[in-house]
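So you can see what is in the structure, the chains are spelled out below.
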Protein chains: 2
Amino acid sequence: MTSSPLLTDLPAFGELQALASDLKSTSIQALFEREGNRAEAFVAQAAGLRLDYSKHLLDGAARARLLELGEQAQLPRKAQALLGGAEVNNTEGRPALHSLLRASSAPGLEDKFAEVVEARAQMRHWAGRINSGEQRGFSGAAITDVVNIGIGGSDLGPRLVTDALKPFQGDINCHYVANVDPADLQDTLLDLDPATTLFIICSKSFRTEETLTNGLAARAWLINAGAEVSDLDKHFLAITSNLAAAAEFGVSGDNCLPMWDWVGGRYSVWSAVGLSCAIALGWEHFEQFLDGAAAMDAHFASAPVADNLPMLMSLLEVWYCNGFGAGNHVVLPYDQGLARLPDFLQQLTMESNGKRVAADGSALDYDTGPVLWGSAGTMGQHSFHQLLHQGTRLCPVDFILPLTTHTGMAEQHQRLVANGLAQSRALLVGRTPDEARESLLARGLDAAEAERLAPHLAMPGNRPNSVISFAAVTPHSLGALIALYEHRTFCSGQLWGINSFDQWGVELGKEIGVDIFQRMAGEARTAPLDPATEALLAQWRQYRD
Amino acid sequence: MTSSPLLTDLPAFGELQALASDLKSTSIQALFEREGNRAEAFVAQAAGLRLDYSKHLLDGAARARLLELGEQAQLPRKAQALLGGAEVNNTEGRPALHSLLRASSAPGLEDKFAEVVEARAQMRHWAGRINSGEQRGFSGAAITDVVNIGIGGSDLGPRLVTDALKPFQGDINCHYVANVDPADLQDTLLDLDPATTLFIICSKSFRTEETLTNGLAARAWLINAGAEVSDLDKHFLAITSNLAAAAEFGVSGDNCLPMWDWVGGRYSVWSAVGLSCAIALGWEHFEQFLDGAAAMDAHFASAPVADNLPMLMSLLEVWYCNGFGAGNHVVLPYDQGLARLPDFLQQLTMESNGKRVAADGSALDYDTGPVLWGSAGTMGQHSFHQLLHQGTRLCPVDFILPLTTHTGMAEQHQRLVANGLAQSRALLVGRTPDEARESLLARGLDAAEAERLAPHLAMPGNRPNSVISFAAVTPHSLGALIALYEHRTFCSGQLWGINSFDQWGVELGKEIGVDIFQRMAGEARTAPLDPATEALLAQWRQYRD
């Protein structure tokens, strides 16, 4: 794959900056008046998801230029390259074929696809075996609980899917342990019975510090409870590409499922990394989850830029980051089951696009990936929404809005939807000082008091937001939603000219961590570290001793 | 209390901006060399917490000017005013007396303090009664589980404290329900027995939509399980100032604990709002939690600006927001129990300081509160740390670092501490392109490949961060830590000239939400809403029908 041009080299970019500068002082409400069909024209749909991007600081003319930017960056060709297995991860010399994991055929990629099909069969086997009660622990009792031990991409995806699809869950309870803090594992094991607990060790290298440490502690817990080393295969599966290390740990090859270097951790929930959710949901639901993502892949591959959800959302991201100086992006799922979506998207977007050099290694002189944050609505309304409505920062928002509930409590859920719509509208319309004054007078305040308080109640509005709405959180819609953000992330990386599939920035901290751990253990080092770190180590020693 | 001057009116401010501009290109490591005692001189301690702020883009001279800024803003006098009950919440004409809730005496505030003492006695009574098994449900069985129903300030604080102090927990399990999404309550009740479950309804007005809706659903769950209306007092407590509404719901006055208008929701965990954690922890531990906060109050009241933890942290916040254009602040607790600290701090800081007008209502022309985000370490290391290390955004970090563990697994915990220290150090030192090249050659890469990859491995370092370290997470240290951030928030508000204790910006969304809910219910409205909202309502109706 040829390397991408820089954002600033795209012909439309300069003009877009000028347009953004003009639109900063434009009222989105005025755009609705000027552009009568805005509510229909700024909507795109795919795979059951409806994206409403009408409430943005973007008029028809600017949109046309933004779409040109997408064309100039050759996003449709880049999508084909990604999905077709081109070497998009240039620093590591690999394709990024997470889309293959949900494909039903793969012309030109038959070898890899055969491996995927084989891994799916293994997942299906294990999900069936555990759900049927066939898999038994050291005492002969059937497995009731599965604990996934992994971190980052080996944790956030399956954890999100299991949480979000609770209404589809079967009888097996899945738990997640990630942190090297021993409290994480200890708290999780507190209510579990070793005889009926199965662990999935999820680590490509089988050497991830957190995962290996927790895995060894889990192993000791089982042995202490009476399991023999020969029983370990009854209680451990491994998702790894290091079969030798897994075998050394005590997991035989039959209990290992593969990870491939052409799937990045943060894009891997569709692979055997998702085994815990395949167990929790059952294989059919997991297939529907794959199908939802595949539907989004098909849309991404074929829809023109103007209708292409990932491309549109990516162009909006770049529009705000590089046209308006936005430093952050907010995701607000109005669904308690999706509460972990922002955590998942933090890794997906910030590990992918938190880069300062282009794919060819040259330094960039513009901003790349923003900080992504958020929480489940309505929680944030009683927390940080104050800043969204009245703060001084530009915070573009994505509302994620499932329109129905699985709980059977339709009327209560209606309140949730009403609140989501209300927040989106409040960000748009705001409240003028006059309206604020009227509102205060209507509450019975006297004129002087209303005058004094009106500036505090007034809200500028005009705060950009999208609404992604869909019928309900199902395996299919969740698959489509995650794939949407995956492709959005890729497109933004392409617009910025960066490689979204490496993560070199996390290495140094690991190396220093090993060094400090060894120093704590008393292993002599010649050179001292910086004096601040040495002082903290001294404080630590004081409490240890 | 006289209103605060604006930040830009403080004499030191202009010079500080110039200093910040100079320091942008300074190496913090060079500062360590130039200022030999930096590791000791940039440390302050209080209430068992040690703040290391040596790894900042701040030299001794700039610090001196920053401290002057604090003096010019009269932070010590403002602290006295806050703690002494001055009307710091000027728009609502109230003091903000959360410090009174943890005081052991209160000269000049005897009336309010008598109410606090009385409420403490009630909390102690209920915590004792429930923990002793004396409180029995409708079937005569003892209460085993407590569900706190509240949102925002009536949820985030007690939830954080209960999570963080799990090692101190007694036999009662406390659960938290906040979201109006019916899935939140439904999932929580799934494993609970109505006969042994007690609910705490936590809402100052007793009209908060989420809380009242969930409260009524909980009430129906009990009645369906066989409780009589006359049994409700066995299963419900209310924390409210609206006794009439509580009585109408079915909670008698004896079962109501007070909320006061001189305590803001996000500052209320020390009040009866904290009853659920007092039950979970037992009264003695809850008193230690209050004592920790009181120790921080005493420090805040008396320490000079140069030694005052809340003031120093607030000055650093303003330094980065208004001197360097930082738009966000990261909090990374290296402790799984503190995983919810960022959520809590989002409300505390963003609801307090996400404002665009001064306390007197005049528009501000500078930035106020930043976006606060973060997660428990080491989780983020496998997620967004890529952006912290190599992204293009300035993200000042607070590391929260307890040095020992309650788990008994000291060696594993040592890995957690090592990782926290390593991340702080990696942000400081970074890695030069030469070092990156050496590292790649050492791995066996050939010269050309090392040359090609070096820019991707290189990290600029020089990324500012603080470390707040302490012996262990205990009721005392957690109380001190939360009070530290409370006072930091207040000081920043004072520096920005705003009122940190109101939240007018959340009202409009609630009003629009009620209107939209009524429209969904079919109640006729004359004027349509904006066409985007109307289109979403049409989509919702389509799925409902």
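Residues numbered from 1 in each chain as written. Chains lettered and ligands numbered in written order. Predicted model: local features only at pLDDT ≥ 70, side-chain atom pairs only at ≥ 80, totals over all residues. Heavy atoms only, no water.

**Quick notes on the overall build of chain A**
Counted only if it meets this: A run of H or I in DSSP counts as a helix once it spans at least four residues, and a run of E counts as a strand once it spans at least two, with each numbered from the N terminus. Using C-alpha atoms as the atom set, the radius of gyration is obtained and then compared with a globule rule of 2.2 Å times the number of residues to the power 0.38. The buried label applies to any residue whose accessible area, calculated with a 1.4 Å probe on protein chains only, is under 20% of its type's maximum; exposed applies above 50%, and partly exposed to all values in between. It only takes one pair of heavy atoms within 4.5 Å for two residues to be counted as in contact.
Looking only at helices and strands, one finds 21 helices and eleven strands in chain A. Relative to its length of 545 residues, chain A is compact, with a C-alpha radius of gyration of 25 Å against a globular reference of 24 Å. Once the C-alpha set of chain A is aligned to its principal axes, its extents read approximately 75 × 60 × 60 Å. Counting only residues that meet the buried cut, chain A has 64% of its 545 residues in that class. Within chain A, counting contacts between residues at least 6 apart in sequence, those at least 24 apart form 74% of the total.

**A few points about the nonpolar core**
Using the following cut-off: Definition of nonpolar core: a set of buried residues of the types Ala, Val, Leu, Ile, Met, Phe, Trp, Tyr and Cys, connected through side-chain atoms within 4.5 Å.
Of all hydrophobic cores here, the largest spans 316 residues; its most connected members are W319 of chain A together with W319 of chain B. If we ignore the near neighbours within four places in the chain, the residues touching W319 of chain A are L16, L19, A20, L23, L57, L58, A62, L66 and F324 of chain A.

**A few points about unusual backbone geometry**
It is generally the case that most residues other than glycine have a negative phi and that most peptide bonds are trans. Residue T378 of chain A follows G377 of chain A across a cis peptide bond; omega there is 10 degrees. Checked against the element boundaries, T378 of chain A lands in the loop between strand 9 (371-373) and helix 15 (385-390). Unusually for a residue other than glycine, Q74 of chain B sits at a positive phi of about 55 degrees. Mapped onto the elements of the fold, Q74 of chain B is located in the loop between helix 4 (60-72) and helix 5 (75-84).

**Digging into the domain arrangement of chain A**
Quick reminder of the rule: As used throughout, domain bounds are those supplied by an automatic or database domain assignment.
When its domains are assigned, chain A resolves into domain 1 (7-90 + 303-429 + 464-496), domain 2 (103-287) and domain 3 (505-544). Taking only C-alpha atoms, the centre of domain 2 of chain A and the centre of domain 3 of chain A are 33 Å apart.

**Points about the sheet that holds strand 9 of chain A**
Residues and elements named next belong to chain A. Stated precisely, the cut-off is as follows: Two strands qualify as a pair provided DSSP detects at least 2 bridges between them. Note on definitions: angles span 0 to 180 degrees between N-to-C directions of axes, and those axes are lines fitted to C-alpha atoms, for helices only across the stretch in contact.
Strands sit in the order 1-2-11-10-8-9 across an open sheet of six strands; the sheet is mixed. The open sheet has two edge strands with one neighbour each: strand 1 (43-46) and strand 9. Each strand axis lies, on average, 15 degrees off the axis of its neighbour in the sheet, ignoring direction. Packed onto the sheet, helix 14 (residues 341-353) meets strand 8 (328-333), strand 9 and strand 10 (397-402) and runs at close to 165 degrees relative to strand 9.

**Section: the sheet that holds strand 4 (residues 173-177) of chain B**
Sheet strands associate in pairs through backbone hydrogen bonding, adopting either a parallel or an antiparallel arrangement. Residues and elements named next belong to chain B. Taken together, five strands build an open sheet; the order of strands is 4-3-5-6-7 and the sheet is parallel. The strands lining the two open edges of the sheet, one partner per strand, are strand 4 and strand 7 (256-257). Bridging between strand 3 (residues 145-149) and strand 4 involves five bridges; their strand directions are parallel. Counted as the bridge partner of N148 is Y176 from strand 4.

**Points about the relation of the copies chain A and chain B**
Condition: Copies overlap after least-squares fitting; the atoms used are the C-alpha atoms of residues with pLDDT of at least 70 in both.
For the match of chain A to chain B, the screw axis carries a shift of 0.0 Å, the RMSD comes to 0.0 Å, and the turn is 180 degrees. Overall, the copies show the geometry of a two-fold rotation axis. Of the residues that chain A buries at the interface, 100% are likewise interface residues in chain B, meaning the two copies contact each other through the same surface.

**Overview of the UniProt feature "active site" (unreviewed entry) in chain A**
Put simply, the rule reads: UniProt positions are given in the numbering used here, feature names are shortened, and annotations may be inferred rather than shown by experiment. Whenever two N or O atoms come within 3.5 Å, that pair is a polar contact, provided that in protein one can donate a hydrogen and the other can accept it, and provided that, for residues adjacent in sequence, both atoms are side-chain atoms.
The feature "active site" (unreviewed entry), as given by UniProt, occupies E351, H382 and K510 of chain A in the numbering adopted here. Across 160 residues, the annotated set is spatially dispersed, with a maximum C-alpha separation of 37.3 Å. Here E351 of chain A is in contact with R266, Q346, D502, Q503 and V506 of chain A together with H382, S383 and Q386 of chain B, once residues within four sequence places are set aside. At 3.0 Å, the side chain of E351 of chain A and the side chain of R266 of chain A are in polar contact. Along the chain, H382 of chain A turns up in the loop between strand 9 and helix 15.

**Here's the deal with the interface of chain A and chain B**
Put simply, the rule is: Two parts placed together each lose some accessible area under a 1.4 Å probe, and adding up what both lose gives the buried area. Note on definitions: salt bridges are taken to be side-chain nitrogens of Lys or Arg within 4 Å of carboxyl oxygens of Asp or Glu. Gly falls in the polar group here, along with every residue not listed as nonpolar (Ala, Val, Leu, Ile, Met, Phe, Trp, Tyr, Cys, Pro) or charged (Asp, Glu, Lys, Arg).
In this assembly, 135 residues from chain A lie in contact with 135 residues from chain B. Taken together, both faces of the contact between chain A and chain B bury some 11,600 Å²; the carbon and sulfur share is 61%. Remark: the boundary between chain A and chain B carries 16 salt bridges. Two residues, R431 of chain B and E511 of chain A, come together in a salt bridge whose shortest N-O distance is 3.3 Å. Applying the counting criterion to the chain A and chain B interface returns 60 residue pairs in polar contact (both at pLDDT 80 or more). With 16 residues, the top contributor of residues to the side of chain A that touches chain B is helix 16 (residues 410-429) of chain A. Partitioned by chemical class, the residues of the side of chain A that touches chain B number 58 nonpolar, 46 polar and 31 charged.

**Section: the confidence of the model for chain A**
To keep it simple, the criterion reads: Values of pLDDT, ranging from 0 to 100, describe the predictor's confidence in every residue of the model.
The predicted model of chain A averages 97 in pLDDT, with 99% of residues at 70 or higher. What the predictor reports for the complex is a pTM of 0.98 with an ipTM of 0.98.

**Brief notes about the environment of T432 of chain B**
Mapped onto the secondary structure, T432 of chain B falls in the loop between helix 17 (410-429) and helix 18 (433-442). For the pair T432 of chain B and P158 of chain B, spaced 274 residues apart in sequence, the C-alpha separation works out to 45 Å.

**Re the pairing of strand 5 (residues 197-202) of chain B**
Residues and elements named next belong to chain B. When you tally the buried positions in strand 5, you get six out of six residues, the bulk of the element. Residues T197, F199 and I201 of strand 5 are buried on one face, and the alternating residues L198, I200 and C202, pointing to the opposite face, are buried as well. Where strand 3 meets strand 5, five bridges bridge the pair, whose relative direction is parallel. When the bridges of strand 5 are listed, V147 appears paired with F199. Looking at chain direction, strand 5 and strand 6 (residues 236-239) are connected through four bridges and run parallel. Each residue of the ladder has a partner; that of F199, found in strand 6, is F236.

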